[in-house]
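# Examining the three-dimensional arrangement
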Amino acid sequence: MLPVKKYWEDPSVLHVNCEKPRAYFIPYESYENALKGVRGTSEYFRSLNGIWHFKYYPSVYDVEDGFYNEDFSCEGYDRIPVPSNWQMHGYDTPNYTNVNYPFPCDPPYVPNENPAGIYIRDFYIDKNPDEKDVYLLFEGVNSCFYLWINGVEVGYSQVSHMTSEFLITPYLKQGTNRIAVMVLKWCDGSYLEDQDMWRHSGIFRDVYLLYRDKAHIRDFFIRTDLDKNYTKASVTCEIEFSAPDALNPGDFTVRAIVKDIHGNDIFDRTMSLSQKDSFEFEIDNAYLWSAETPNLYQLVLCHGNEVILQKFGIIKTEIIDSVIHINGKPVKFKGVNRHDSHPELGHVTPPDHIKRDLILMKRHNINAIRTSHYPNDPRFLEYCNELGFYVIDEADLETHGVRHAGDFCMLSKDPSFAEAFLDRMQRMVERDKNNPCIVMWSLGNESGFGPNHRKMAEWTKSRDKSRLIHYEGAFNEEVLKADSDNSCLDVYSNMYASIDWLENTFLKMENEKRPHILCEYSHAMGNGPGDLKDYWDLIYKYPRLSGGFVWEWTDHGIKTQTPDGITYYAYGGDFNDEPNDGNFCIDGLVYPDRTPHTGLLELKNVIAPVRTEAVNLASGEFRITNLYDFIDLSHLCLNWVIEKNGIRIDSGTIYDLNIAPHQSEIIRIPYELPERSDGRYFIRIFYTLKEDTVWAKKGYEIAFAQFELPTGSVKKITVIAPPFVNISKNGKSVKITGRNFEYEFSLADGCFTRISSAGMELICGKPSFTVWRAPTDNDRNEKSNWIRNGYDRLKTHIYTVEIIKETENSVSFKTTYSMGAYSMKPVLKGTVIWTVYGSGDIFLDNAVEVREGLPFLPRYGLKLVMPKGSEYVEFFGYGPHESYIDKHRSTYKSRFATTVTEMHENYLYPQENGSHYGTEWALIANALGFGLLFIGMNEFSFNASHYTPENLTEAGHPHELTKLPETIVHIDYKMSGVGSNSCGPRLLPKYQLNEREFEFKLRIKPVFRHDIVIDDIIREQIE
């Protein structure tokens, strides 16, 4: 056994020989270097990132003693980068679990087979180490670690996502020094780190040295406040110097310089202070900080040889009349939850990776972030300060797994864990307190509720009254029965509340006056979310609803390869990890490589800061509402485009938009309507940046809206007499031939078996009706109902087939049928009339009755297969990307040309994708131009794919799909919405295909696309 104390199962020992937590900052030798904001340029900073010697042991009890000695030979050790997670380098097994602890729930005990990683690195001290105080900082180590310097045990620390700092001067020598670290996979702190994520281990954030003057500024706290007019700021800076001793009595003289947002000095004073002291100053006509106006002042503290630069903002967060206000204005949080996640590095998030996330969020109108469910790298907050995001900073605390052990509040009321709860809060608040972006401190996530949480809240209020206190877990119904005293919390927060509950329960609670936060909503898993517009209509309707944070930002896929070298993104279970929650980690608005999902595009336009409403479309009058809280619209251009039948015919730009925040103005767009109705006219209004910003270039689109112009109905051209058709019967089928086409209709199957035009075969096999779609992730709670009722295995039974009309230029067939699964009554019954005209047109008229008592249908429509090479797609509907009845606000109605391959949305867990809501016509053709034109008598949902719903249902990853050469076409009467029911509420009834009777009409026409004008065909009327 190693000569260390077993701290990893002792909740009373959290840190040994660690420094007290303090604000994050880096000392520099000059203001010029400090201003660069790159800590590696400081003479007082030395990174220990890089390649370290490493050895992995399956159990801490297997670790060979002596590795920490100065003369220990690292021969036989591997090499590993720091920072990193060792599971990403072939050691141990990546494990994704959500709620379940990956070990028995027996706190504070963890498995005896507790893996350990030994890290060793030499570093050089070129000066007398006694000249400075040398500190060693670890910004993140999972889950706990022991530290040795030159063979001497220095200390211990546990809290994965926070900084541990050690004064190591006494252990150093001039020349080569050795650092040795033993990291354990589990400790009693792991009971507090049961977040929904991959369980990774190791030194995963930066490690560095800080060289400090013997007498130095240890900590400081910039507090700001505003007068009642929100114009004059009072600023207090509390400073704590390093404790003096006999050899270093301490010099507490400091020069403080404050620069405004333009770099002008507005305060410059040299002061003699005590060891713990403060100074104050005021700023008239202060530039305020908000997510829209991230104005940052600079505080420069000069003490001894050190210069410390801290950018700070002036912001006041308060609750007025049950509404959250910032700087006196009511705000809405248009937020997302963000985990540390990198597809190749695990929990390691380099600065450029963080910036990429934030810039992408900014481009999609996101203004708030919840750091789910632990504090991020400190530089994350610096970037949020600069770019402008409201942050809920969340303590590294989640005990979700105790719920399965029978008591959700087990640890929140356990006195032995009280200090650990409080420590995680204190370390976060102390490290992050000087960041203006933080508007709320969160006590953690899904950890029950009890006295330990109240201690966290009470301490935080005593330390920082300027921010609100958030914690969702106190409002869980199960928790409220055990402990209802949540008065220490400033906001009422919950997850995945339904729209009905918010409006008809929460807002009607007599004794609840706090503002509301949806800390998680609209679960963005796979093809979703589909309920964003409904939520935001409600949030804007009621001031107390302060907004929400979509779960979540990114898919947590791990980039890996199959045995035969195919690259894919892995999820839970792909590494034979147990327990696992499958693909529940693939639940973001972006793919692991940060390619946006269509759900992110939907969110962008739903939460857009500009609203456009039609006032009088005939005269071009529109009401433009500025939904920003602090800035007018002068930074945007209003652009407009008018299309006729999907083809642009007019456009323009209005540059002068000076609408104040929360105000509206009616603007006239100078277009003229046509004198006669010769087509469908749509206007699309979109807003773009006038100038470059740090997150987007000039011309970047912020928001858009579309309206159909009132040009009246388009008259149809009547075709009185289609050409003759020839009909021949052989008892089993009917052959219909006409000018350049030949069809065959089965009298046994009640459908076409052949559709040929100019000798070109246009279908493979028999068209059929279908209700099944490959379940989306958000269908997971409906899927069992669908399968229970046989929706995935319906067979068509033909009752009757008859020719009901036969003329010289048309023939009509009537088929009655049912669709049902074995051992069950039919799901539906229908009557379909197929009519073929001499023009080659096929008309479908389908009346359907669905059996009572069944769950809503995923879809209902016609499925047919077109031959290899049917790749070209053109359609008039909602595009350019996929759209659904409840997920089409990021699309607009127009004429789009694409390919079947491009229509596929390659979700990491295959599912229904690529459909288009509100389609009016669609054309699928081969390279020569021969194909089928589908024209709806009403709008339909349209999809063309190289994968069948059955293929998509069966596959677990994209590489398990086999791309078919044929094209699978779905023309649906209706497709149910996608919602967010993978974790959120059930799909709203208005988006369900729950009709018991409906009629579906469709026109199908073989065409040679190079020789037709589709608009003319659509205007035809066959008689």
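Here the residue numbers are simple positions, counted from 1 along each chain's written sequence. Only residues with pLDDT of at least 70 get local features here, since the model is predicted, and only at 80 or more are side-chain atom pairs given and counted; chain-wide, interface and lining totals rely on the full set of residues. Processing note: side-chain calculations cover all non-hydrogen atoms of the structure and skip hydrogens and water entirely.

Under an unreviewed UniProt entry, the protein chain has the name Beta-galactosidase and belongs to Thermoclostridium stercorarium subsp. leptospartum DSM 9219. Turning to the protein chain, the UniProt annotation filed under Sequence similarities (unreviewed entry) states: "Belongs to the glycosyl hydrolase 2 family." UniProt positions are given in the numbering used here, feature names are shortened, and annotations may be inferred rather than shown by experiment.

## Focus on the overall build of the protein chain
Tallying secondary structure elements over the protein chain gives 13 helices and 61 strands in all. Its C-alpha atoms give the protein chain a radius of gyration of 33 Å, within 12% of the compact-globule value 31 Å for 1023 residues. Here the C-alpha coordinates of the protein chain stretch approximately 115 × 65 × 55 Å along the principal axes. Here the term buried applies to any residue with accessible area under 20% of the maximum for its type, exposed to any over 50%, and partly exposed to those in between, with areas from a 1.4 Å probe on protein chains only. Looking at the 1023 residues of the protein chain, the share that counts as buried comes to 62%. By definition, any uninterrupted DSSP run of H or I lasting at least four residues is a helix, any uninterrupted run of E lasting at least two residues is a strand, and each is numbered from the N terminus. Here the globule rule is a power law, 2.2 Å times the number of residues to the power 0.38, and the radius of gyration is based on C-alpha atoms.

## Describing the packing of helix H2 (residues 351-363) against helix H3 (residues 378-387)
Where helices are involved, their axes are fitted lines through C-alpha atoms of the stretch in contact, as for all axes, and angles between N-to-C directions lie from 0 to 180°. Across the interface, H2 lies against H3 with an axial gap of 10 Å and an inter-helix angle of 35 degrees. Here H2 runs over H3; the crossing is right-handed. Where H2 approaches H3, its residues Pro351, Ile354, Lys355, Leu358, Ile359 and Lys362 are matched on the opposing element by Arg379, Phe380, Tyr383, Cys384 and Leu387. Split by residue class, the contact of H2 with H3 holds eight nonpolar, no polar and three charged. In this scheme the handedness of a crossing depends on how the near helix is turned from the far one: anticlockwise by less than a right angle means left-handed, clockwise means right-handed. Contact definition: two residues touch when any of their heavy atoms are within 4.5 Å. Throughout, the ten residues Ala, Val, Leu, Ile, Met, Phe, Trp, Tyr, Cys and Pro are labelled nonpolar, Asp, Glu, Lys and Arg are labelled charged, and all others, Gly among them, are labelled polar.

## Comments concerning the nonpolar core
Formed by 117 residues in total, the largest nonpolar core has its most connected members in Phe67, Met182, Phe333, Leu358 and Leu603. At six residues, helix H4 (residues 418-432) tops the list of elements feeding residues into this core. Trp834, Val850, Leu987 and Leu993 belong to the second largest nonpolar core, which has 65 residues in total. Remark: nonpolar core denotes a set of buried residues (Ala, Val, Leu, Ile, Met, Phe, Trp, Tyr, Cys) joined through side-chain atoms within 4.5 Å.

## Examining empty space enclosed by the protein
A cavity here means a set of 1 Å grid points, computed over protein atoms only, where a 1.4 Å probe fits but cannot escape. A pocket is an open set with protein on both sides within 12 Å along at least 5 of 7 lines, and lining residues have an atom within 4 Å of a point. Grid points are joined across faces, edges and corners, and a volume is the space filled by probe spheres set on the points. This structure, assessed with the given rule, holds eight cavities of 30 Å³ or more. Around the largest cavity sit 14 residues that line it, and Pro21, Arg22, Thr163, Glu165 and Arg431 are the ones nearest its centre. Secondary-structure elements contributing two or more residues to the lining of the largest cavity are strand E11 (164-167) and H4. Among the residues forming the lining of the largest cavity, the class breakdown is six nonpolar, two polar and six charged.

## Considering the pattern of salt bridges
By convention in these notes, a salt bridge is any Lys or Arg side-chain nitrogen within 4 Å of a carboxyl oxygen on Asp or Glu. Following the criterion strictly, the structure yields 70 salt bridges and no others. In this structure, Arg680 and Glu708 form a salt bridge, with 2.5 Å as the shortest nitrogen-oxygen distance. Of this pair, Arg680 sits in the loop between strand E40 (664-668) and strand E41 (681-689) while Glu708 is found in strand E42 (residues 701-708), placing the two residues 28 residues apart along the sequence. Looking at Arg680, the relative accessible area reads 23%, which means it is partly exposed.

## Let's talk about the UniProt feature "domain: Beta galactosidase small chain/" (unreviewed entry) in the protein chain
Following the UniProt record, the feature "domain: Beta galactosidase small chain/" (unreviewed entry) maps to residues 735-1005 here. In this annotation, residues 735-1005 is assigned 7% helix and 50% strand; the end-to-end C-alpha distance for the span is 17 Å.

## Describing the domain arrangement of the protein chain
Domain borders in the structure are assigned automatically or taken from a domain database. One can read the domain layout of the protein chain as domain 1 (15-212), domain 2 (216-303), domain 3 (332-605), domain 4 (609-709) and domain 5 (765-796 + 840-1022). Contact residues are listed per partner, giving 34 residues for domain 3 and 33 residues for domain 5. Two parts placed together each lose some accessible area under a 1.4 Å probe, and the buried area is that loss summed for both. When the two sides are added together, the surface that domain 3 and domain 5 hide from each other amounts to roughly 2,800 Å², 56% of it contributed by carbon and sulfur. The largest share of the area that domain 3 buries against domain 5 comes from Asn527, Thr598 and Glu602, three residues that together contribute 25% of it. Remark: the boundary between domain 3 and domain 5 carries one salt bridge. Lys990 is the partner of Asp534 in a salt bridge, and the nearest nitrogen-oxygen pair spans 2.9 Å. When residues of the side of domain 3 that touches domain 5 are traced back to their parent elements, those giving at least two are helix H8 (532-541), strand E35 (567-570) and helix H9 (598-606). No other element matches the five residues that H9 contributes to the side of domain 3 that touches domain 5. In terms of residue class, the side of domain 3 that touches domain 5 is built from 15 nonpolar, 13 polar and six charged.

## Remarks on the sheet that holds strand E24 (residues 323-326)
By definition, two strands form a pair when at least two bridges between them are found by DSSP. What the three strands build is an open sheet, ordered E23-E24-E25; its pairing is antiparallel. Each having just a single partner strand, strand E23 (317-320) and strand E25 (329-330) make up the two edges of the open sheet. Bridge count between E23 and E24: four bridges; the pairing is antiparallel. Looking at the pairing, Thr317 lines up with Ile326 of E24.

## Topic: the packing of aromatic side chains
A pair of aromatic rings is counted whenever rings of Phe, Tyr or Trp (Trp by its six-membered ring) have centres within 6.5 Å, and the orientation is called stacked for planes under 30 degrees apart, edge-to-face for over 60 and tilted otherwise. Under the criterion given, the structure shown has 68 aromatic pairs. Residues Tyr56 and Trp86 carry aromatic rings whose centres are separated by 5.7 Å and whose planes lie at 65 degrees to one another, so their mutual orientation is edge-to-face. Here the residue Tyr56 occupies a position in strand E3 (residues 50-57), and Trp86 occupies one in the loop between strand E4 (78-82) and strand E5 (96-97), the gap between them amounting to 30 residues. For Trp86, a relative accessible area of 0% corresponds to the buried category. Ring plane angle 35 degrees and centroid distance 6.2 Å describe the contact between Tyr492 and Trp501, whose orientation is recorded as tilted. An aromatic cluster is defined as three or more aromatic residues linked by ring pairs; in this entry it consists of Phe741, Tyr743, Phe745, Phe752, Phe769, Phe813, Tyr817, Trp834, Tyr860, Tyr973, Phe998 and Phe1000. Comment: the charge-over-ring label is applied if NZ (Lys) or CZ (Arg) is within 6 Å of the ring centre and within 35 degrees of the ring normal. The ring of Phe25 carries the charged tip of Arg22 above its face, separated from the ring centre by 4.7 Å. Taking the ring centre of Tyr892 as reference, the NZ or CZ of Arg684 above it sits at 4.2 Å.

## Looking at the sheet that holds E42
As summarised here, the arrangement of the four strands in space is E39-E38-E41-E42, forming an open sheet in which the pairing is antiparallel. Edge positions in the open sheet fall to strand E39 (647-654) and E42, since each of these has one partner strand only. Averaged over all adjacent pairs, the angle separating strand axes in this sheet is 20 degrees, with direction ignored. As paired strands, E41 and E42 are joined by seven bridges and run antiparallel to one another. In the strand pairing of E42, Ile683 is matched with Phe707.

## With respect to unusual backbone geometry
That bond from Asn142 to Ser143 is cis: its omega, 5 degrees, falls within 30 degrees of zero. Inspection of the secondary structure puts Ser143 in the loop between strand E8 (141-142) and strand E9 (144-149). With an omega of -15 degrees, the peptide bond between Ser372 and His373 qualifies as cis. Relative to the helices and strands, His373 resides in the loop between strand E27 (368-370) and H3. Backbone geometry at Asn327 places phi at a positive 50 degrees, although glycine is not the residue there. Inspection of the secondary structure assignment puts Asn327 in the loop between E24 and E25.

## Brief notes about the pairing of strand E44 (residues 726-729)
As judged from the four bridges shared by E44 and strand E45 (residues 733-738), these two strands associate in the antiparallel manner. Pairing of Ser728 across the sheet is with Lys735, part of E45. Here E44 hands over to E45 after three residues, with Gly731 in that stretch at a positive phi of 95 degrees.

## Some thoughts on the side chain of His453
With respect to the helices and strands, His453 occurs in helix H5 (residues 451-463). Note on His453: relative accessible area 0%, which makes it buried. Polar contacts, as used here, are pairs of N or O atoms within 3.5 Å; protein pairs need one atom able to donate a hydrogen and one able to accept it. Residues neighboring in sequence count only if both atoms are side-chain atoms. Of the polar contacts made by the side chain of His453, one reaches the side chain of Tyr471; its length is 3.5 Å. Apart from the residues lying within four places of it in its own chain, the contact partners of His453 are Leu397, Ser412, Phe421, Leu443, Ser447, Gly448 and Tyr471.

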